[in-house]
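What the coordinates show
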Amino acid sequence: MELGLLYSGGKDSTLAALLLEDFYDVTLLTAHFGVSDDWKHARETADDIGFAFERLELDAEVADEAVERIKGDGFPRNGIQHVHQHALEELAAAGFDAIADGTRRDDRVPTVSRAQAQSLEDRHGVDYIAPLSGFGRNAVDRLVEAQLEVVVGPSEEINRADYEAELRAIISEEDGRDAVRDVFPDHEQTYVTGIR
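Residues numbered from 1 in each chain as written. Predicted model: local features only at pLDDT ≥ 70, side-chain atom pairs only at ≥ 80, totals over all residues. Heavy atoms only, no water.

Naming follows an unreviewed UniProt entry, where the chain appears as Alpha hydrolase of Natronobacterium gregoryi.

Right, here's the structure in full:
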């Protein structure tokens, strides 16, 4: 069975791919708006760890809506959630038997409720799988430490291909770099460079 996994090149989505590869033919898909070429970072990691890779182009209008939500809220949660839901819809319509993401049990954003998962499955005739949904951050970190080579650092310094990177770029272009710091809290990101 063919499975499409939303993929950023970070530890969570990479671990999700490794957990699923014994059961599915996994293709890693990086969702992007065409704002930057950050998707290439995810493609490099996918190549390094031996998975098929594709780009999943998202509607630029969704990026604009997300940016407006982020600016209006003063924090990124609702904007990123909006993009994730759109990405899952696009992935579900892409012709895979199953779709997945790297969301964890204790993620604040993005999240997928049981009702949202069932709706995706019913409307698109796919299985939605969240292989890390039973894992907390500490459990994921221990598995990652044992299995993956990872670079960790401040969000603005780490190569990655997630929604946040493009949303930051849009806000920076529209309002300057200080505006990005005003709405995105300091936090660390990961980028996988290989398997141990």
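Moving on from the model shown.
Some remarks on the sheet that holds strand E4 (residues 98-100)
In space, the five strands of this open sheet follow the order E3-E2-E1-E4-E5, with parallel pairing throughout. Single-partner strands in this sheet number two, and they are strand E3 (52-57) and strand E5 (127-129). Averaged over all neighbouring strand pairs, the angle between strand axes comes to 30°, with direction disregarded. As defined by bridge partners, strand E2 (residues 25-32) adjoins E3 across six bridges and the pair is classed as parallel. Residue pairing in the sheet places Leu-28 in a bridge with Phe-53 of E3. Its contacts with the sheet put helix H4 (residues 77-92) on strand E1 (2-6), E2, E3, E4 and E5, and the angle it makes with E1 is roughly 160°. (Pairing = 2+ DSSP bridges. Helix = DSSP H or I, 4+ residues; strand = E, 2+ residues; numbered from the N terminus. Axes fitted to C-alpha atoms, helices over the stretch in contact; angles between N-to-C directions. Contact = heavy atoms within 4.5 Å.)

Thoughts on empty space enclosed by the protein
This model, assessed by the stated rule, comprises one cavity of 30 Å³ or more. By volume, the largest cavity amounts to about 50 Å³. Thr-30, Ala-31, His-32, Ser-36, Asp-38, Trp-39, Ala-161, Asp-162, Ala-165 and Glu-166 are the residues that line the largest cavity. Listing elements by their share of the lining of the largest cavity, those giving two or more residues are E2 and helix H7 (163-175). The element that contributes the greatest number of residues to the lining of the largest cavity is E2, accounting for three residues. (1 Å grid on protein atoms, 1.4 Å probe; cavity = no way out; pocket = protein on both sides within 12 Å on 5 of 7 lines; lining within 4 Å. Points joined across faces, edges and corners; volume = space filled by probe spheres on them.)

Notes on the packing of aromatic side chains
Evaluation of the coordinates by the stated rule reveals zero aromatic pairs. Above the face of the Trp-39 ring, Arg-55 is positioned so that its terminal group lies 4.2 Å from the ring centre. (Phe/Tyr/Trp six-rings, centres within 6.5 Å; stacked < 30°, edge-to-face > 60°. Lys NZ or Arg CZ within 6 Å of the ring centre and 35° of its normal.)

A short note on a negative patch on the surface
Residues Asp-59, Glu-61, Asp-64, Glu-65, Glu-68 and Glu-90 make up a contiguous surface patch of negative charge. Considering each element in turn, the negative patch owes the most residues, four residues, to helix H3 (residues 60-73). Inspection of the secondary structure assignment puts Glu-65 in helix H3. (Patch = residues over 30% accessible without salt bridge, like charges linked within 9 Å, V, L, I, M, F, W, Y side chains within 5 Å. Areas by Shrake-Rupley, 256 points an atom, 1.4 Å probe, with all protein chains shown as cover. Salt bridge = Lys/Arg side-chain N within 4 Å of Asp/Glu carboxyl O. Lys, Arg positive; Asp, Glu negative; His and termini not counted. Charge placed at Lys NZ, Arg CZ, Asp CG, Glu CD.)

Thoughts on the layout of surface pockets
For the largest pocket, the calculated volume is near 1,400 Å³. Along the walls of the largest pocket sit 43 residues, with Asp-12, Arg-104, Asp-107, Val-109 and Gln-189 positioned nearest its centre. Secondary-structure elements contributing two or more residues to the lining of the largest pocket are helix H1 (11-20), E2, H4, helix H6 (137-147), strand E6 (148-154), H7 and strand E7 (188-195). Per element, the largest residue contribution to the lining of the largest pocket is four residues, and it comes from H6.

Quick look at the side chain of His-84
Checked against the element boundaries, His-84 lands in helix H4. When residues no more than four places from it in sequence are discounted, the contact partners of His-84 are Leu-6, Asp-101, Thr-103, Pro-110, Thr-111, Val-112 and Tyr-163.

Here's the deal with unusual backbone geometry
Omega for the bond connecting Val-109 with Pro-110 falls within 30 degrees of zero, at -10°, which places this linkage in the cis form. On the secondary structure map, Pro-110 appears in the loop between E4 and helix H5 (114-124).

As for the environment of His-32
Its place among the elements puts His-32 in strand E2. The class for His-32 is buried, based on a relative accessible area of 5%. When the C-alpha atoms of His-32 and Ser-133 are compared, they prove to be 24 Å apart, with 101 residues separating the residues in sequence. Polar contacts involving the side chain of His-32 include one to the main-chain amide nitrogen of Gly-34, which spans 3.0 Å. (Buried < 20%, exposed > 50% of the residue type's maximum accessible area, 1.4 Å probe, protein only. Polar contact = N/O pair within 3.5 Å; in protein donor to acceptor, adjacent residues only side chain to side chain.)

A look at the packing of H4 against H7
Running from amino to carboxyl end, H4 crosses H7 at an angle of 125°, the nearest separation of the two axes being 10 Å. With respect to H7, the axis of H4 lies oblique. Two packed elements cross with a definite hand, and for H4 against H7 that hand is right-handed. Contacts between H4 and H7 pair Ile-80, Val-83, His-84 and Ala-87 from the former with Tyr-163, Glu-164 and Leu-167 from the latter. For the contact of H4 with H7, the per-class residue count stands at five nonpolar, one polar and one charged. (Parallel < 35°, antiparallel > 145°, perpendicular 65-115°, else oblique. Left-handed = near helix turned anticlockwise from the far one by under 90°. Nonpolar A, V, L, I, M, F, W, Y, C, P; charged D, E, K, R; others polar.)

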